[in-house]
Amino acid sequence: MSVDASITCQEVVELLSAYLDGELDPSTLDRVESHLAGCDGCTVVPEEVRETIRLSGGLTVEQVNETQRRTLLEAFRDWSAGS
């Protein structure tokens, strides 16, 4: 199967939250699902995110120490900035 060239891997990652929450319009949903069906690198990402949510869903703010919190915030900042 070939990758849907109308959407990039980066765009799929940026749309992942909306995709998992069922918030994409039908056209974008089709493009994302087409890309996921043909991209080995992206195929595993939704399941990894679902598993991360499942595993971390029971954590409370109190259970995350300051070092872990800083590490997570830095990772999100780097990801958001495109690093």
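The structure this text deals with has already been given above.
Residues numbered from 1 in each chain as written. Predicted model: local features only at pLDDT ≥ 70, side-chain atom pairs only at ≥ 80, totals over all residues. Heavy atoms only, no water.

Trainee: I keep staring at the environment of Thr-8 and nothing clicks. Help me out?
Mentor: For Thr-8, the location among the structural elements is in the segment before helix H1 (9-20). With relative accessibility at 41%, the residue Thr-8 sits in the partly exposed group. The spatial distance from the C-alpha of Thr-8 to the C-alpha of Arg-31 is 9.8 Å, given a sequence separation of 23 residues. (Helix = DSSP H or I, 4+ residues; strand = E, 2+ residues; numbered from the N terminus. Buried < 20%, exposed > 50% of the residue type's maximum accessible area, 1.4 Å probe, protein only.)

Trainee: Got a minute to help me understand the packing of H1 against helix H4 (residues 45-56) in this structure?
Mentor: Viewed as axis vectors pointing N to C, H1 and H4 meet at an angle of 60°, and their least axial separation amounts to 11 Å. With respect to H4, the element H1 is oriented oblique. When you trace H1 past H4, the crossing you get is right-handed. Between H1 and H4, the contacting residues are Leu-16, Tyr-19 and Leu-20 on the first element and Val-45, Pro-46, Val-49 and Arg-50 on the second. Here the residues of the contact of H1 with H4 sort into six nonpolar, no polar and one charged. (Axes fitted to C-alpha atoms, helices over the stretch in contact; angles between N-to-C directions. Parallel < 35°, antiparallel > 145°, perpendicular 65-115°, else oblique. Left-handed = near helix turned anticlockwise from the far one by under 90°. Contact = heavy atoms within 4.5 Å. Nonpolar A, V, L, I, M, F, W, Y, C, P; charged D, E, K, R; others polar.)

Trainee: Before we go on, may I ask you to explain the state of the cysteines in this structure?
Mentor: A covalent bond between the sulfur atoms of two cysteines is referred to as a disulfide. What the rule picks out here adds up to zero disulfides. The thiol of Cys-9 is unpaired, and the distance to the nearest cysteine sulfur, on Cys-42, comes to 3.6 Å. (Disulfide = S-S within 2.5 Å.)

Trainee: Where do I start with the packing of H1 against helix H2 (residues 26-38) in this structure?
Mentor: How two helices sit against one another is set out by the angle between their axes and by the gap between those axes. For the pair H1 and H2, the least separation of the axes is 10 Å and the interaxial angle reads 120°. With respect to H2, the element H1 is oriented oblique. Regarding H1 and H2, the two cross each other, and that crossing is left-handed. Residues Cys-9, Val-12, Leu-15 and Tyr-19 of H1 lie in contact with H2, whose contacting residues are Thr-28, Leu-29, Val-32, Glu-33, His-35 and Leu-36. Class assignment for the residues of the contact of H1 with H2 results in seven nonpolar, two polar and one charged.

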